[in-house]
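The chain contents come next:
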Amino acid sequence: MLKISNLKKSFRLPTGERMPILDVPQFNVAAAEQMVIVGRSGCGKSTLLHLISGIGTPDSGTIAVNGLDIARLSEEGRDRFRAEVMGYVFQTFNLLQGFTALENVILGMSFSRGKVDRDRARELLRRVGLEHRLNAHPRTMSVGEQQRVAVARALANRPKLLLADEPTANVDPANQQSIVDLIRETCQEEEISLVMVTHAMEVAEQFQRIEPLEKLNLIAQANKAHA
Ligand SMILES: Nc1ncnc2c1ncn2[C@@H]1O[C@H](COP(=O)(O)OP(=O)(O)OP(=O)(O)O)[C@@H](O)[C@H]1O
């Protein structure tokens, strides 16, 4: 499902110098596999998810998603491919403030070829415990409630690959587990591959495959050696 090879990414510093962030020789995720990436703050986890989703572009290397190298597509091609094939739970939610919870989830569907399925949107919101908040606007919702809307939106489109960046960072333990259960059950039922970033060890430990980014990323290894 996901095949990464020789992926490199750096950012330009204000001084003009380039700071290398990622050097990942290989990272693969099988169809319907569920795995987590862990690692210290700043080691490049969100950057890696941005590259996989095509929000960012690598300096070099290949990122094959469902057989297509996303790094070779135009920006428009990447946006379309992401809308059709991927779901993304952003660390900062990225909900549209002018729309209700239900509308935000429905909007997750309408950028793809799939037809809008209001019942699925309602069902996903029910499963994250927000059936009473369907018509609420994000600004009137708690941070944890907004996070749950973001999870429902990412699953709305029946993606093939779900990228989830700290999807339980802002919720209490009971809601944390219900979000993890919703994500994992939906991914299992619909054969969605899952790449989840988390700092919560009690979440990570529920997965068979836990990859510390420091192990995948030669830059993080070098930084650790110099620390
Ligand atoms: N657009 C950017 N320009 C310059 N530097 C950036 C940019 N985006 C990220 N970085 C830097 O790249 C490094 C990796 O950032 P990233 O957000 O991927 O880390 P992370 O592992 O997800 O951290 P956290 O666990 O704190 O969310 C950090 O040092 C960050 O400051």
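Structure: above.
Anyway, here's the lowdown on the structure attached to this text. Every value quoted in this text rests on a predicted model; they were computed, and no experiment measured them.

1. Things to note about the site of the ligand
Next up, step 1: With respect to spatial proximity, the complete set of residues near the ligand consists of Phe11, Ile21, Arg40, Ser41, Gly42, Cys43, Gly44, Lys45, Ser46, Thr47, Gln91 and His199.
Next up, step 2: In this structure, Gly42 approaches the ligand through a main-chain N or O atom, which is 2.8 Å from an oxygen atom.
Next up, step 3: Starting from 640 Å² of accessible surface for the ligand in isolation, the protein chains cover 61%.
Next up, step 4: Take the shell around the ligand: its biggest share by element is 3 residues, from helix α1 (residues 45-53).
Next up, step 5: Tallied by class, the residues present in the shell around the ligand amount to 3 nonpolar, 7 polar and 2 charged.

2. With respect to the sheet that holds strand β6 (residues 86-89)
Sheet strands line up and pair through hydrogen bonds in the backbone, either parallel or antiparallel.
Next up, step 1: If you walk across this open sheet you meet the 5 strands as β6-β7-β8-β3-β9, and the pairing is parallel. At either margin of the open sheet sits one strand with a lone partner, and together these are β6 and β9 (209-212). Each adjacent strand pair in this sheet contributes to an overall mean axis angle of 15°, direction not counted.
Next up, step 2: In this sheet, β9 lies alongside strand β3 (residues 34-38) in parallel orientation, the contact comprising 4 bridges. Each bridged residue has a counterpart across the sheet, and for Met35 the counterpart in β9 is Arg209.
Next up, step 3: Packing against the sheet, α1 makes contact with β3, β6, β7 (161-165) and β8 (193-197), and its axis sits at approximately 155° to β7.

3. Quick word on α1
Next up, step 1: For α1, the tally of buried residues reaches 7 of 9 residues, placing the bulk of the element in the interior.
Next up, step 2: Among the residues of α1, those classed as buried are Lys45, Thr47, Leu48, Leu49, Leu51, Ile52 and Ser53.
Next up, step 3: Two residues or fewer past α1, Gly54 is found with a positive phi of approximately 85°.

Quick notes on the rules
Residues numbered from 1 in each chain as written. Predicted model: local features only at pLDDT ≥ 70, side-chain atom pairs only at ≥ 80, totals over all residues. Heavy atoms only, no water. Near = heavy atom within 4 Å. Polar contact = N/O pair within 3.5 Å; in protein donor to acceptor, adjacent residues only side chain to side chain. Areas by Shrake-Rupley, 256 points an atom, 1.4 Å probe, with all protein chains shown as cover. Helix = DSSP H or I, 4+ residues; strand = E, 2+ residues; numbered from the N terminus. Nonpolar A, V, L, I, M, F, W, Y, C, P; charged D, E, K, R; others polar. Pairing = 2+ DSSP bridges. Axes fitted to C-alpha atoms, helices over the stretch in contact; angles between N-to-C directions. Contact = heavy atoms within 4.5 Å. Buried < 20%, exposed > 50% of the residue type's maximum accessible area, 1.4 Å probe, protein only.

Everything listed here is a matter of geometry and, on its own, says nothing about what the molecule does.
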